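# Overview (structure and organization)
In case you want the letters, here they are:
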Amino acid sequence: MIEKLIEKIKKTKAPVVAGLDPMLSYVPKHLLDQSLDAYGETLEGAADAIWQFNKGIIDSIYDLVPAVKPQIAMYEQFGVPGVAAFQKTIDYCHEKGLLVIGDIKRGDIGSTSAAYAAGHLGKVTVGSRQACAFQEDFATVNPYLGTDGIQPFLDVCKEEKKGLFILVKTSNPSSGEFQDQLIDGRPLYEYVGEKVAEWGAQHMGANYSYVGAVVGATYPQVGKAMRKVMPKAFILVPGYGAQGGKGKDLVHYFNEDGLGAIVNSSRGIIAAYKQEAYARFGEAGYADAARQAVLDMIADIDGALQAAK
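For the structure given in this document, a descriptive report is provided here. (Residues numbered from 1 in each chain as written. Predicted model: local features only at pLDDT ≥ 70, side-chain atom pairs only at ≥ 80, totals over all residues. Heavy atoms only, no water.)

## Brief notes about the sheet that holds strand 2 (residues 67–68)
Which entries qualify depends on this criterion: When DSSP finds at least two bridges between two strands, those strands are taken to pair. Runs of H or I in DSSP of at least four residues are treated as helices and runs of E of at least two as strands, each being numbered from the N terminus. We call two residues contacting when some pair of their heavy atoms lies within 4.5 Å. To get an axis, a line is fitted to the C-alpha atoms, and for a helix only the part in contact is used. The angle between two axes follows their N-to-C directions and goes from 0 to 180 degrees.
Taken together, eight strands build a closed barrel; the order of strands is 1-2-3-6-7-10-11-12 and the barrel is parallel. Of the strand pairs in this sheet, strand 2 and strand 3 (residues 99–106) are connected by two bridges, and their pairing is parallel. When the sheet's bridge partners are listed, V68 is paired in strand 3 with V100. Together, strand 3, strand 6 (138–141), strand 7 (163–169) and strand 10 (211–215) form the strand contacts of helix 7 (residues 147–160), whose direction differs from that of strand 7 by roughly 150°.

Written out as structure tokens, the structure reads:
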């Protein structure tokens, strides 16, 4: 799957992933009203609203970006109907030719980890048959439990040719409470990065591993250091836009071949119409605002990369 991601990045010339993390507060009133009129003020109504919202975004940007990243919590909060909307979103993205990074941040051990891996990336056995559940192409994984928590995902990824992005240094302000703690004078995230490189060596594509890492755009010096620690790992970079990351901060996340990183923006894209820069599109033009935000993001990153050459 890493080869498909690289191919699509080259084709679109956009190392960008759109985070499909919908909140009801992002959904324009006309869409929300339609769903609530049809299903009432219920979980089903909320789930339909976020699905309709997602569909508009996807239709507007699918030709610009190689991948999307739905965050499962934004769907799980609406219970079973929300999870159904998560599945519909994944299926529709695949119909549009997009790769899907399931932002699930799972981390457990033994049979539990194996079940998460099977459900999101692999197959489950039902009687004499095997069936697929969510069918994301990549998944985010929390490494806190060590190799016991990662190995089941690696096993499924090898079998299905799927990929992982393992949390190394996250973009949130309090990430340093644990991730920056020094062990023999080195921060914990460096040790995690070394394990990512080790795990990745077991599952290589042509030039990059199927095992990538998450390193936030809000810590550019960390990104520069971790690029050296994990030279063969693709880095998923959250924190662009709404969290403060800019194209100029991201240059060192990439390798000299111009590859090696894919940058995520979530509300900066899907809720762009709420920003002053895109207010001209209005609520009715929320999808067009999202498209313009993607175009601006691509130009910002490309400009920074070109300036760094």
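## Quick notes on the side chain of H120
Put simply, the rule reads: The buried label applies to any residue whose accessible area, calculated with a 1.4 Å probe on protein chains only, is under 20% of its type's maximum; exposed applies above 50%, and partly exposed to all values in between. The definition of a polar contact used here is a pair of N or O atoms within 3.5 Å, where within protein one atom must be able to donate a hydrogen and the other to accept one, and adjacent residues in sequence count solely through side-chain atom pairs.
Turning to its location among the elements, H120 is positioned in helix 6 (residues 110–121). Note on H120: relative accessible area 4%, which makes it buried. A polar atom in the side chain of H120 sits 2.8 Å from the side chain of E136. Excluding its chain neighbours within four sequence positions, the residues that come into contact with H120 are I72, I104, R106, F134, Q135 and E136.

## Overview of the nonpolar core
Selection rule: In these notes, a set of buried Ala, Val, Leu, Ile, Met, Phe, Trp, Tyr and Cys residues joined through side-chain atoms within 4.5 Å is what counts as a nonpolar core.
In this structure, V168, V196, M230, L250 and I301 are the most contacted members of the largest nonpolar core, which totals 80 residues. At ten residues, the largest contribution of residues to this core is made by helix 12 (residues 286–308). M230 has contacts with V168, G193, V196, A213, V215 and I235, leaving out every residue within four places of it along the chain. The next biggest cluster of nonpolar side chains, apart from the first, holds 19 residues, and it includes L5, Y208, L259 and I262.

## What to know about unusual backbone geometry
At Q135, a position not held by glycine, the phi torsion is positive, near 65°. Taking relative accessible area as the criterion, Q135 reaches 37% and is therefore assigned partly exposed. Positioned with a positive phi, K161 is a non-glycine residue whose angle comes to about 60°. Checked against the element boundaries, K161 lands in the loop between helix 7 and strand 7.

## Observations regarding the packing of aromatic side chains
We apply this condition: A pair of Phe, Tyr and Trp rings is counted when the ring centres sit within 6.5 Å of each other, with Trp represented by its six-membered ring. The angle between the planes then sorts it: under 30 degrees is stacked, over 60 is edge-to-face, the rest tilted. We call a charge positioned over a ring when the NZ of a Lys or the CZ of an Arg lies within 6 Å of the ring centre and within 35 degrees of the ring normal.
Scanning the entire structure with this criterion turns up six aromatic pairs. Centre to centre, the rings of W51 and Y92 are 5.6 Å apart; their planes meet at 90°, and the pair counts as edge-to-face. Linking W51 in helix 3 (residues 43–61) with Y92 in helix 5 (residues 79–95), this pair joins segments that are 41 residues apart in sequence. The burial state of W51 is the same as that of Y92; both residues are buried. Taken together, a centroid distance of 5.3 Å and an interplanar angle of 35° make the contact between F138 and F165 tilted. With F138 in strand 6 and F165 in strand 7, this pair connects stretches of sequence that are 27 residues apart. For the pair shown, F138 and F165 are each scored as buried. By way of ring pairs, the aromatic residues Y75, F86 and F134 are connected into one cluster. Directly above the ring of Y191 sits R186, whose terminal nitrogen or CZ lies 4.4 Å from the centroid.

Taken by themselves, the reported measurements are silent on function.
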